[in-house]
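Summary of the model geometry
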Amino acid sequence: MSRRVVGVTLDNLDHLPKKCRRCVFWELAPHVREQAEEFGETDLEKEAWVSSVLLEWGSCGRIIYVDGMPAGYAMYAPPAAVPRAAAFPTSPVSADAVLMTALRIDPEFEHGGLGRVLVQNVAKDLTRRGVKAIEAFGDLQETAGGCVIPAGFLQQVGFKTVRQHPKWPRMRLELRTAISWKEDVEAALERLLSSVSVKTAEPALGGAFSR
């Protein structure tokens, strides 16, 4: 199984799930979103938002492919570029953080660790750009129709709550923590593989196995 993660562009925007491709929950203020939905222009508004952020700020999303098939995505942007963020009771997002607005894995590819891979790729991109942290509004009750990332998932990948709320806590991932977490995992894997190699070789040298 091959995995590949690439940045979101106007060329691959249609690789997002259809529902997400048309969704402007984050990209428009609530009253503007209602108007866009009424006139059926949400797909155009989504494209315009991505285009604007790409031009003014840079990469704002990641898509993960498994064997060439789009399996999930994540979106992120400066808080000022996300009108919906101001409507949350736990806003504002910290001045030194980028807001991760969405992360979704196709049900066919769930429970394979792809969400963690996406978060790590987002962290790597933002670290290169000098960003100190990622913040996200978590959904404790999973009642937002999938438009807000479940708080439980955010906790699993290292986010910590910085402002409590019964429904919408604001959570934060320090990027130095994310990078060291990756390094720890890679080091542990290297030690494990080294251990397996040594244990496999020793019986052969000592003649412990007759097979």
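Here the structure is a predicted model, which means the values were calculated and not measured. (Residues numbered from 1 in each chain as written. Predicted model: local features only at pLDDT ≥ 70, side-chain atom pairs only at ≥ 80, totals over all residues. Heavy atoms only, no water.)

Some points on the overall build of the protein
A tally of regular secondary structure across the protein gives 6 helices and 7 strands. The order of α-helices and β-strands along the protein, N terminus first, is β-α-α-α-β-β-β-α-β-α-β-β-α. Per-residue burial for the protein yields a buried fraction of 39% across its 211 residues. Taking the intrachain contacts of the protein between residues at least 6 apart in sequence as the baseline, contacts between residues at least 24 apart amount to 69%. As presented, the protein carries roughly 12000 Å² of accessible surface, and 53% of it is formed by carbon and sulfur atoms. (Helix = DSSP H or I, 4+ residues; strand = E, 2+ residues; numbered from the N terminus. Buried < 20%, exposed > 50% of the residue type's maximum accessible area, 1.4 Å probe, protein only. Contact = heavy atoms within 4.5 Å. Areas by Shrake-Rupley, 256 points an atom, 1.4 Å probe, with all protein chains shown as cover.)

What to know about the pairing of strand β7 (residues 170-174)
Of all 5 residues that make up β7, 4 are buried, and the element is covered over most of its length. Strand direction decides the pairing type here: strand β5 (residues 133-137) and β7, joined by 5 bridges, are antiparallel. In the sheet register, alanine 136 faces β7, and the bridge partner there is methionine 171. Here strand β6 (residues 160-163) pairs with β7 via 3 bridges, running antiparallel. Within β7, the residue paired with threonine 161 across the bridge is methionine 171. (Pairing = 2+ DSSP bridges.)

As for the packing of aromatic side chains
Scanning the entire structure with this criterion turns up 6 aromatic pairs. Residues phenylalanine 88 and phenylalanine 137 carry aromatic rings whose centres are separated by 4.5 Å and whose planes lie at 15° to one another, so their mutual orientation is stacked. Pair noted here: phenylalanine 88 is in the loop between β3 (69-77) and β4 (97-105) and phenylalanine 137 is in strand β5, with a separation of 49 residues, a long-range link. Between phenylalanine 88 and tryptophan 168 the ring centres are 5.6 Å apart and the planes differ by 80°, which places this aromatic pair in the edge-to-face class. Taken together, the residues span a long stretch of sequence, with phenylalanine 88 in the loop between β3 and β4 and tryptophan 168 in the loop between β6 and β7 at a distance of 80 residues. A relative accessible area of 6% means that phenylalanine 88 is categorised as buried. The ring of tyrosine 65 has arginine 4 sitting right over it, with the charged end atom 4.7 Å from the ring centre. The ring of tryptophan 57 has arginine 129 lying over it, and the distance from NZ or CZ to the ring centre is 4.0 Å. (Phe/Tyr/Trp six-rings, centres within 6.5 Å; stacked < 30°, edge-to-face > 60°. Lys NZ or Arg CZ within 6 Å of the ring centre and 35° of its normal.)

Some points on the confidence of the model for the protein
When pLDDT is averaged along the protein, the result is 86, and 82% of the positions lie at 70 or above. Between residues 197-211, whose pLDDT stays under 50, and residues either more than four places distant or in other chains, the model counts 2 contacts. (pLDDT = per-residue confidence, 0-100.)

Here we look at the sheet that holds β7
The strand order across the open sheet built from 7 strands is β1-β2-β3-β4-β5-β7-β6, with neighbouring strands paired in mixed fashion. Both outer strands of the open sheet, β1 (3-7) and β6, are each paired with one neighbouring strand and no more. Across this sheet, the average inter-strand angle for adjacent strands is 30°, counted without regard to direction. Judged from the 6 bridges that link them, strand β2 (residues 61-66) and β3 form a sheet pairing that is antiparallel. The partner of valine 66 across the bridge, within β3, is methionine 69. Here helix α4 (residues 114-128) sits on the sheet and contacts β1, β2, β3, β4, β5 and β7; the angle it forms with β2, its principal contact strand, is near 140°. (Axes fitted to C-alpha atoms, helices over the stretch in contact; angles between N-to-C directions.)

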